[in-house]
Amino acid sequence: MTHMRRIGRSVLVISTVVGACAPLGAQSARPASPSVASTTPDARATLDARAPGWLAEHGVPSLAVAYIRDGQVAWTRVYGNQADGVPASDSTLYNIASLTKPLFAELVLRLAADGRLSLDEPMSPVWTDPDVASDPRHDAFTPRLALSHQLGFTNWRRETEGVLRIGFQPGTQFRYSGEGYEYARRFVERKLGASTNDLARQYVFGPAGMRSTSFVRQPWFTGRTAMPMGPEGRWGTPSTDDEANAADDIHTTIGDYARFVISVMAHDRLPAALAAQRDSIHATGAERCDPAKVPVCPVRIGYGLGWTVFEYADPAQNVLWHTGGDWGEKTIVFYWPNRREGAVLFTNGAKGFDVMVPAATLLAEGTLFAGFLEHGG
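Everything in this summary refers to the structure shown in the same document.

Some points on helix 4 (residues 178-192)
Part 1: Taking 1.5 Å as the rise per residue, helix 4 with 15 residues should run 21 Å; its terminal C-alpha atoms sit 21 Å apart, in good agreement.
Part 2: Among the 15 residues of helix 4, 12 are classified as buried, and the element is accordingly described as predominantly covered.
Part 3: Of the residues making up helix 4, those classed as buried are Gly178, Glu179, Gly180, Tyr181, Glu182, Tyr183, Ala184, Arg185, Phe187, Val188, Glu189 and Leu192.
Part 4: Structurally, helix 4 contributes buried residues whose contacts are with helix 2 (100-113), helix 3 (143-147), helix 5 (196-208) and strand 9 (300-303).
Part 5: The N-terminus of helix 4 is capped by Ser177, whose side-chain oxygen sits 3.2 Å from the backbone nitrogen of Glu179.
Part 6: Just downstream of helix 4, Gly193 is the residue with a positive phi angle, here 65°.

Considerations on helix 6 (residues 254-265)
Along an α-helix, residues three or four apart share an orientation, since each turn contains 3.6 residues.
Part 1: For helix 6, with 12 residues, the first-to-last C-alpha span of 17 Å sits near the 16 Å given by 1.5 Å per residue.
Part 2: Burial within helix 6 is extensive, with 11 of its 12 residues counted as buried.
Part 3: Within the span of helix 6, buried status applies to Ile254, Gly255, Asp256, Tyr257, Ala258, Phe260, Val261, Ile262, Ser263, Val264 and Met265.
Part 4: Looking one or two residues past helix 6, His267 carries a phi angle of roughly 60°, positive in sign.

Describing the nonpolar core
Nonpolar side chains in soluble globular proteins generally cluster together in the buried interior.
Part 1: Within the largest apolar cluster, 74 residues are counted, with the highest numbers of intra-cluster contacts made by Phe104 and Tyr257.
Part 2: Not counting residues within four places of it along the chain, the set of residues in contact with Tyr257 comprises Ile96, Leu99, Pro102, Leu103, Thr252, Val333, Val344 and Phe346.
Part 3: Listed in part, the 36 residues of the second largest apolar core include Leu47, Phe310, Trp321 and Ala359.

Remarks on the packing of helix 2 against helix 5
A pair of packed helices is characterised by two quantities: the angle between their axes and the separation of those axes.
Part 1: Two numbers describe how helix 2 lies on helix 5: the axes approach to 10 Å, and their chain directions differ by 85°. Considering their axes alone, helix 2 and helix 5 lie roughly perpendicular with respect to each other. Of the residues in helix 5, those touching helix 2 at Leu103, Phe104, Leu107, Arg110 and Leu111 are Thr196, Leu199, Ala200, Tyr203, Val204, Phe205 and Pro207.
Part 2: Residues of the contact of helix 2 with helix 5, tallied by class, amount to 10 nonpolar, one polar and one charged.

Topic: the pairing of strand 10 (residues 308-311)
Remark: a regular strand shows side chains that alternate across the two faces of the sheet.
Part 1: The side-chain alternation of strand 10 yields two buried faces, one formed by Thr308 and Phe310 and the other by Val309 and Glu311.
Part 2: As defined by bridge partners, strand 9 adjoins strand 10 across four bridges and the pair is classed as antiparallel. Its bridge partner being in strand 10, Tyr303 is matched across the sheet by Thr308.
Part 3: Both strand 10 and strand 11 (residues 319-326) contribute to a ladder of three bridges, which runs antiparallel. Within strand 11, the position partnered with Thr308 by the bridge is Trp321.

Reading guide: rules and limits
- Residues numbered from 1 in each chain as written.
- Predicted model: local features only at pLDDT ≥ 70, side-chain atom pairs only at ≥ 80, totals over all residues.
- Heavy atoms only, no water.
- Helix = DSSP H or I, 4+ residues; strand = E, 2+ residues; numbered from the N terminus.
- Expected span 1.5 Å × (residues − 1).
- Buried < 20%, exposed > 50% of the residue type's maximum accessible area, 1.4 Å probe, protein only.
- Contact = heavy atoms within 4.5 Å.
- Polar contact = N/O pair within 3.5 Å; in protein donor to acceptor, adjacent residues only side chain to side chain.
- Core = buried A, V, L, I, M, F, W, Y, C linked by side-chain atoms within 4.5 Å.
- Axes fitted to C-alpha atoms, helices over the stretch in contact; angles between N-to-C directions.
- Parallel < 35°, antiparallel > 145°, perpendicular 65-115°, else oblique.
- Nonpolar A, V, L, I, M, F, W, Y, C, P; charged D, E, K, R; others polar.
- Pairing = 2+ DSSP bridges.

Put into structure tokens, the structure is as follows:
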């Protein structure tokens, strides 16, 4: 197995490939304004100057970045290639890996706000996986516990000999689990008699103006998909399917996901109380912060409904964030809810975090979160 190291929950797969990637033109939607983070033209110029070198050094084909200020997309940048000899652009579709989870969680929250389900209803009358049917603890499963990683599953059942197993009393501990999100997806689809992608188009994609986002493969993916590059520097095949995965494999553009984050910031289609539940800590254990390395650690760290939550002594510094990591795709999203600012970063290479972490640190300059990123938690 290749050598790995961690930054927070993010696994960085170390490879030796080096490739050259050229920057594309950038877009600026509006002038700079005062900000919690460094979003001045100088910061963007620094990113323009350094990103191509980071890509070449780490053998990552492309990097896409969106910065959000005052609840709007302030600017985007795209560098490198989506495939061999094919430049990436604002229309390139990236597999965003686990950045799928905040989007699925938002869908469930909006369904709850619309009265179509309850976050606290038992899922067992609608859906019970045969693997856990004989374990009475499955009766405690609710959508809320699934979205906050408290069902007791491992990340994937392949880690427990291909059988889904409950590792603790639901609701008493945190264990990050894609299976938990998939459990909730099966419950939602059976309860409402609709596909996840159709529900997402109605409740999330459409309202946010996300015209190039899908849980499942689409004809319009052709020619637009960022091809993944593995740790040995070989191009791979994009992971797409006709069935949604609530935890992984959404394909979207950098602009579309930025629009999603903006809709989350604005509490679109959610009452204030439900948005506050999403943004609050439901379970601890999602992250660690080493005060010997990080200048200022959060006072509380945990997982909300779809997001890792960092709470600082100064609420203006509070940040919600998530990472994604598949074989040849790495992604990061973070935002400061009290300031309506944030950033989205996508890559299509196994060493994507080695590119995104310095880029994200640059974008978060002047914040406490930047110290966490820079010093590796």
